[in-house]
Amino acid sequence: MNAEAFRHFYAYHFAENRKLWDLYVAPLSQEQFTQEVNYSHGSVRNQIVHLISVDDTWFSGLRGVEIPPPLAPADFEDREVIRAYWDSVEQNMRNYLAQLRDEMLIQKPFTEGEDKDLVVWQVLLHVVNHGTDHRAQVLRLLNDLGVRTTSQDYIFYVYDHM
């Protein structure tokens, strides 16, 4: 395991997030975007805001900056605001990953609480895995709305980027 491998996995994470947004979420009507459902975090909007919030939380901790409070989906009605916020979070993540070195992967970034025994590589793996989980949940919601989607399997990303 090395820093370059994590940069690769995050390229996949960012590409799949963008594909989800551009191909499927952006074209939704506002009603579809915010339609409440009794599944996971609720609406497509709620799922997306949760995904952004979790990425921001973990990477704030990794960067050693104040961890922001969880985002409230109701504060994000405008998709342009959501996209701009997501772009900002992604850029912070990219900046951290650009500075990531192999020896950092075994450091413990948190000094207290339930996360104090985690090492950086575990956090990085968790965030990508969490993103895959929630994108899959959004794809399910989109399917329920009648939207035809495609796979987000990692291997297809690899085939397209060889």
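So, a few notes on the structure that sits alongside this text. (Residues numbered from 1 in each chain as written. Predicted model: local features only at pLDDT ≥ 70, side-chain atom pairs only at ≥ 80, totals over all residues. Heavy atoms only, no water.)

## Looking at empty space enclosed by the protein
Thought 1: On inspection of all chains with the given rule, the structure shows one cavity of 30 Å³ or more.
Thought 2: Of the pockets and cavities examined, the largest cavity occupies roughly 40 Å³.
Thought 3: Lining the largest cavity are Glu16, Lys19, Leu20, Tyr24, Arg135, Leu139, Thr150 and Gln152.
Thought 4: Of all the secondary structure elements, the ones that give two or more residues to the lining of the largest cavity are helix H1 (3–25) and helix H5 (120–144).
Thought 5: When residues of the lining of the largest cavity are assigned to their parent elements, the largest contribution, four residues, is made by H1.
Thought 6: The residue makeup of the lining of the largest cavity, split by class, is three nonpolar, two polar and three charged. (1 Å grid on protein atoms, 1.4 Å probe; cavity = no way out; pocket = protein on both sides within 12 Å on 5 of 7 lines; lining within 4 Å. Points joined across faces, edges and corners; volume = space filled by probe spheres on them. Helix = DSSP H or I, 4+ residues; strand = E, 2+ residues; numbered from the N terminus. Nonpolar A, V, L, I, M, F, W, Y, C, P; charged D, E, K, R; others polar.)

## Let's talk about helix H3 (residues 44–63)
Thought 1: With 20 residues, H3 extends 28 Å between its outermost C-alpha atoms, agreeing within 8% with the 28 Å of an ideal straight helix rising 1.5 Å per residue.
Thought 2: Burial analysis of H3 places 18 of its 20 residues in the buried class, which makes it a mostly covered element.
Thought 3: Once H3 ends, the next one or two residues include Gly64, with phi positive near 75°. (Expected span 1.5 Å × (residues − 1). Buried < 20%, exposed > 50% of the residue type's maximum accessible area, 1.4 Å probe, protein only.)

## Some thoughts on the nonpolar core
Across soluble globular proteins, nonpolar side chains show a tendency to be buried alongside one another.
Thought 1: Among the nonpolar cores identified, the biggest contains 43 residues, and Ile48, Leu100 and Leu124 are the most heavily contacted of them.
Thought 2: Beyond its immediate sequence surroundings of up to four residues, Leu124 is in contact with Phe6, Tyr10, Phe59, Leu62, Tyr96, Leu97, Leu100 and Leu105. (Core = buried A, V, L, I, M, F, W, Y, C linked by side-chain atoms within 4.5 Å. Contact = heavy atoms within 4.5 Å.)

## What about the environment of Ala98?
Thought 1: Along the polypeptide, Ala98 turns up in helix H4 (residues 79–99).
Thought 2: Assessed through its relative accessible area of 42%, Ala98 is described here as partly exposed.
Thought 3: For the pair Ala98 and Phe156, spaced 58 residues apart in sequence, the C-alpha to C-alpha distance is 24 Å.

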